[in-house]
Amino acid sequence: MVSPTSAAALTVVVPGDPDHPTTTPNLSSQVQISSIKFGSADVLPQIRSLTDVGAMTRLLHECIAYQRSLDLDLESLLSHRSDLDKSLSSLQKSAQVLSIVAADSDLMLSSVRSTSLLADSVSAKVRELDLAQSQVSSTLLRLDAIVQKSHCFDAVQKALDSEDYESAADSVRTYLEIDSKFRDSSGSSEKEQLLSFKRQLEGIARKKLTAAVDQREHPAILRFIRLYPLLGIEEEGLQVYVNYLKKVIGMRSRLEFEQLVELMENSYSMNSSGISNQVNFVGCLTNLFKDIVLAIEENGDILRSLCGEDGIVYAICELQEECDSRGSSIVKKYMDYRKLGKLASEINYYSKNLLSVGNVEGPDPRAIELYLEEILSLTQLGEDYTEYMVSKIKGLSSIDPELGPRATKAFRSGGFNRVVQDITGFYVILEEFFMVENVRKAIKIDEHVPDSLTTSMVDDVFYVLQSCCRRAISTSNINSVLAVLSGAINLLSNEYLEALQQKMREPNLGAKLFLGGVGVEKTGTEIATALNNMDVSAEYVLKLRHEIEEQCAELFPAPADREKIKSCLSELGEMSNSFKQALNGGMEQLVATVAPRVRPVLDSVATINYELSEAEYAENEVNDPWVQRLLHAVETNAAWLQPIMTTNNYDSFVHLIIDFLVKRLEVIMMQKRFSQLGGLQLDRDARALVSHFSSMTQRTVRDKFARLTQMATILNLEKVSEILDFWGDNSGPMTWRLTPAEVRRVLSLRIDFKPEAIAALKL
């Protein structure tokens, strides 16, 4: 509230009052008034310097407002007094608790400090005790080692005296292991003596092992070979033991090989006297592989004890040298025994001079087949043995990373593998000759088979091709497979295809088929069988391709090999298309032979009237004008071939006849004029044709008569505009085979449809 003194001091001066002259305010006073801050220390001098009543009035109002704001702030602060009092009381209580906590903390700190000092003292003593204990333990171990070394030294002496070499070697190993762990210069003389015993023991082991190997005493060999790891000369032991295995295998193989050579020499003399004697090269090679495999399997533990799994790989590689030597000798001797080089030369000469020189006789295919089976057995044996050994190496987990690939390469590029490649080259020559000769023979002796739709040539040829391809795949040699496949494709595309088409190329075939106006059964059977041969051959080619593809997919996983085989098989698949093309040509030729027998009835349709009245339409319903005669002509000249043709061929034959009939009927009908009843008659005729031909074949025939049926539909319309109900978007499921121009032309055949209405159609 403003005091009277202040009010008097701030009395408002009214302008024009004579008692209170007006004082003009200056600019500096206004600036000072606007910058006054109430509550500051310098505000009073500023107020005293005021001279303008208006400014004083404004300042009074601002001061009152400031006072009111201060009152509100004070009331707000006083409203929190109770909360502040409570908080202050709580803080006073907490201060008392904190003093207690501070005292307890000081006590705990003192306790922890004393405990820490005690722990440091105890841990130092524990470390001292632990050091003393470790030194004592080390001393005890060293003393125990000295005692054990002494015992081992004595044991070695006693064992050598009693010839207990196993115990002596074990004691030597134990002594050296202890000595390497506890170096002791004080016992150097004892160590020198023990090393002397070790050298003595090594000499005994070598001498005894050599004697055991010479005497072939396997138990003694095993006894002394086990000393080598104990004496630290396991690599030397591995070499000695593997050489022993090589010697045993080589001796057995050499004995069998000598017996084989003796049988060969005897067989030459026996063959000259007419007595046959089979020399079993396959058995000899089998025994060699069996001995090598058993040597690895039965001695696996010994080899591992010498050098771990690396010892097994080393043994496999060393024994493979024996395989390369002995196996190559067996295969080479077989090639000499069968004179494969000479035989290949004879085959090449025979193949080159077959056409130029008469009466050239090649080798006997029956003997060639025997050689092929023998070669296949030998190559399969080699492949199985190689696969087994390679998988054995790959199955070892803890071997030198470089050792496995090197060993695998030794198998793939060794001497035995090279000889197998040589004999495989002879195999390809023999196989191609065998295949060609047997296919030619099958073609030459081709004959009709009772109760069969094909001749003997088809089954015989494909049996030969299947057998040869299977045999080539069994060699596991991609080049052999490709060569035999190429030979098979060449035979099919030339000689066999020519044989298939030979019958259909005979002159005057049509005259022979219908000699005297009647179908000749023998000629018909020959023609049908020739067509059946083509049909079945196209099917057999696809089956052969599928079989080869499945077998090669398992045997040749490499992408490059698969691409090569795929290329050959695609050519084989093309042969099916070649047979089908030849078949289509033969079918068209047969239809061309039958068509003249049907044409007179078909041409008579041109004389049939379709501008029918109701009486004529009813008469046609009772007495069919031409359909039944046409169907009878077809049945007479074509249906008799059904029992002697394959289902596929007969269906194709019927469809070709339908194509001929429909094409001619469309031309004839486009030249006629129709009433609406005539359109109904055409529809009935078309339905009769569809019904009958559907019973003659297993394939659908409705699409063949689609154009003729649509013509009948158009000719049945009541008026021209009705065509729009069936055309375009209104056609529904029906697909129009007639073009808009043909639709207009058919509509113009109706005698009652006006040309103007037809021309106005928007189709």
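Model, not experiment: these values are computed from the prediction. The numbers attached to residues start from 1 for each chain and follow its sequence in the written order. Since the coordinates come from a predicted model, pLDDT governs what is reported: local features require at least 70, and pairs of side-chain atoms require 80 or more to be given and counted, while whole-chain, interface and lining totals use all residues. Values reported for side chains reflect all heavy atoms of the structure, with hydrogen atoms and water molecules removed beforehand.

### What about the overall build of the protein chain?
Where we set the bar: Numbering of helices and strands runs from the N terminus; a helix is a DSSP stretch of H or I covering at least four residues, while a strand is a stretch of E covering at least two. Our radius of gyration is a C-alpha quantity, and the globule rule it is checked against amounts to 2.2 Å times the number of residues to the power 0.38. Burial classification: accessible surface area is computed with a 1.4 Å probe over protein chains only, and a residue below 20% of its type maximum counts as buried, one above 50% as exposed, and the rest as partly exposed. Whether two residues are in contact is decided by their heavy atoms, any of which lying within 4.5 Å being enough.
Secondary structure summary: the protein chain contains 28 helices and 0 strands in total. Computed over C-alpha atoms, the radius of gyration of the protein chain comes to 58 Å, more than 25% over the 27 Å expected from 2.2 N^0.38 for 763 residues, which places it beyond the range of a compact globule. For the protein chain, the proportion of its 763 residues judged to be buried stands at 39%. For the protein chain, contacts bridging at least 24 residues in sequence account for 76% of all contacts bridging at least 6.

### Topic: the nonpolar core
Note that soluble globular proteins tend to have their nonpolar side chains buried in a common cluster. The condition that has to hold: Buried Ala, Val, Leu, Ile, Met, Phe, Trp, Tyr and Cys residues that are joined via side-chain atoms within 4.5 Å together make up what is termed a nonpolar core.
Counting 197 residues, the largest nonpolar core has Tyr241, Leu465, Phe579, Trp626, Phe653, Leu689 and Phe693 as the members making the most contacts within it. Examining the composition of this core, we find that 15 residues originate from one element, helix 21 (residues 559-603), more than from any other.

### Digging into the pattern of salt bridges
Definition in use: Each reported salt bridge corresponds to a side-chain nitrogen of Lys or Arg within 4 Å of a carboxyl oxygen of Asp or Glu.
Within the structure shown, the criterion is met by 27 salt bridges. Put simply, Arg338 and Glu374 hold a salt bridge, and the shortest N to O gap is 2.7 Å. Taken as a pair, Arg338 in the loop between helix 12 (300-337) and helix 13 (340-352) and Glu374 in helix 14 (residues 365-394) lie far apart in primary sequence, 36 residues in all. Across this residue pair, the class does not change: Arg338 and Glu374 are buried. Between Glu495 and Arg440 there is a salt bridge, with its nearest N and O atoms 3.0 Å apart. Of this pair, Glu495 sits in helix 18 (residues 478-502) while Arg440 sits in helix 16 (residues 415-444); the two residues are 55 residues apart in sequence, bridging distant segments of the chain.

### Topic: the confidence of the model for the protein chain
This is how it is decided: One number per residue, pLDDT, summarises how confident the predictor is, and it ranges from 0 to 100.
Looking at the protein chain as a whole, the pLDDT averages 84, with 91% of positions reaching at least 70. When pLDDT is averaged over each helix and strand of the protein chain, the minimum, 36, is found for helix 1 (residues 4-9) and the maximum, 95, for helix 24 (residues 647-669). When the criterion is pLDDT under 50, residues 272-276 qualifies, and its contacts beyond four places in sequence or with other chains add up to 2 contacts.

### Observations concerning a nonpolar patch on the surface
Note the cut-off: Patch members must show over 30% relative accessible area and no salt bridge, and they are joined within 9 Å when carrying like charges or within 5 Å when they are nonpolar side chains of Val, Leu, Ile, Met, Phe, Trp or Tyr. Areas reported as accessible are Shrake-Rupley estimates using a 1.4 Å probe. Residue values count occlusion only from the protein chains shown.
A cluster of nonpolar side chains, namely Leu74, Leu77 and Leu78, defines an oily patch on the protein surface of about 330 Å² accessible area. Here Leu77 lies in helix 4 (residues 53-79). Judged by its relative accessible area of 58%, Leu77 is exposed.

### Let's talk about the packing of aromatic side chains
Rules: Note on aromatic pairs: the rings of Phe, Tyr and Trp (six-membered ring only in Trp) are paired at centre separations within 6.5 Å, and the planes decide the class, stacked below 30 degrees, edge-to-face beyond 60, tilted for the rest. Here, a charge over a ring means that NZ of Lys or CZ of Arg falls within 6 Å of the ring centre while also lying within 35 degrees of the ring normal.
Applying the stated criterion to the full structure yields 14 aromatic pairs. Taken together, a centroid distance of 5.1 Å and an interplanar angle of 50 degrees make the contact between Trp727 and Trp736 tilted. Within the aromatic cluster, the residues linked to one another by ring pairs are Phe462, Tyr496, Tyr540 and Phe579. The ring of Tyr617 has Arg684 sitting right over it, with the charged end atom 4.5 Å from the ring centre. Directly above the aromatic system of Phe753 lies the positively charged group of Arg750, at a separation of 4.1 Å from the ring centroid.

### Some details on helix 23 (residues 627-638)
As a reminder, the rule being used: Multiplying 1.5 Å by the residue count of a helix minus one yields the expected span of that helix. As used here, the arc is the angular range of directions from the helix axis to the C-beta atoms.
Here helix 23 spans 16 Å end to end across 12 residues, near enough to the 16 Å set by a 1.5 Å rise per residue. When helix 23 is considered as a whole, its buried residues turn out to be Val627, Leu630, Leu631, Ala633, Val634, Asn637 and Ala638. Summarising the axial view, the buried residues of helix 23 lie within an arc of 155 degrees, below the 170-degree limit, and thus occupy one face. Next to the buried residues of helix 23 lie helix 21, helix 24 and helix 25 (676-696).

### Details of a negative patch on the surface
Filter applied, for reference: By the counting rule applied here, Lys and Arg register as positive and Asp and Glu as negative, while His and the ends of each chain are not counted. Lys charges are placed at NZ, Arg charges at CZ, Asp charges at CG and Glu charges at CD.
Negative charge collects at one region of the surface, where Asp446, Glu447, Asp459 and Asp460 lie side by side. For Asp446, the position within the fold is in the loop between helix 16 and helix 17 (456-474).

### Things to note about the environment of Arg216
Keep this limit in mind: Any N or O atom pair separated by 3.5 Å or less is treated as a polar contact, with the protein-specific requirement of one donor-capable and one acceptor-capable atom, and with residues adjacent in sequence counted only for side-chain atom pairs.
Note on placement: Arg216 falls in the loop between helix 7 (188-215) and helix 8 (218-225). By relative accessible area, which is 32% here, Arg216 ends up partly exposed. A sequence separation of 83 residues divides Arg216 from Gln133, and the C-alpha atoms of the two residues are 57 Å apart. Setting aside chain neighbours within four positions, we find Arg216 in contact with Lys247, Val248 and Met251. Within the structure, the side chain of Arg216 is placed 2.5 Å from the backbone oxygen of Val213, a separation counted as a polar contact.

### A closer look at the side chain of Ser253
Within the fold, Ser253 resides in helix 10 (residues 234-272). Apart from residues no more than four positions distant in its own chain, Ser253 is found in contact with Leu288 and Arg326.

### Topic: unusual backbone geometry
The general pattern is negative phi for most residues beyond glycine and trans for most peptide bonds. Although it is not a glycine, Arg216 adopts a positive phi angle of roughly 60 degrees. Positive phi is not limited to glycine here, since Lys339 has a value of about 50 degrees. Following the sequence through the fold, Lys339 ends up in the loop between helix 12 and helix 13. Lys339 sits in the partly exposed class, given a relative accessible area of 42%.

### Here we look at the packing of helix 7 against helix 8
Selection rule: Helix axes are fitted to C-alpha atoms over the stretch in contact, other axes to C-alpha atoms as well, and angles between N-to-C directions run from 0 to 180 degrees. An angle below 35 degrees is read as roughly parallel, one above 145 as roughly antiparallel, one from 65 to 115 as roughly perpendicular, and any other as oblique. Note: crossing handedness is left-handed where the near helix turns anticlockwise from the far helix by less than a right angle, and right-handed where it turns clockwise. Side-chain classes are defined by residue name, with Ala, Val, Leu, Ile, Met, Phe, Trp, Tyr, Cys and Pro counting as nonpolar, Asp, Glu, Lys and Arg as charged, and the others, Gly among them, as polar.
Running from N to C, helix 7 and helix 8 point in directions that differ by 160 degrees, and their axes come no closer than 8 Å. When the axis of helix 7 is compared with that of helix 8, the two are roughly antiparallel. Along this stretch, helix 7 crosses helix 8, giving a crossing that reads as left-handed. In contact with Ala205, Lys208, Leu209, Ala212 and Val213 of helix 7, helix 8 contributes Ala220, Ile221, Phe224 and Ile225. Taken together, the residues of the contact of helix 7 with helix 8 sort by class into 8 nonpolar, no polar and 1 charged.

### What to know about empty space enclosed by the protein
Cut-off, in case you're wondering: In the cavity and pocket records, a cavity denotes points on a 1 Å grid over the protein atoms alone where a 1.4 Å probe fits but cannot get out, a pocket denotes an open set with protein on both sides within 12 Å along at least 5 of 7 lines, and lining residues are residues with an atom within 4 Å of a point. Grid points are joined across faces, edges and corners, and a volume is the space filled by probe spheres set on the points.
For the structure shown, the criterion picks out 2 cavities of 30 Å³ or more. Considering only enclosed or pocket space, the second largest cavity measures out at about 30 Å³ in volume. Residue lining of the second largest cavity: Val591, Val594, Ala595, Val598, Ile657, Phe660 and Leu661, and that is the complete set. Residue assignment for the lining of the second largest cavity shows that the elements contributing at least two residues are helix 21 and helix 24. The element best represented in the lining of the second largest cavity is helix 21, accounting for 4 residues. Considered class by class, the residues forming the lining of the second largest cavity number 7 nonpolar, no polar and no charged.

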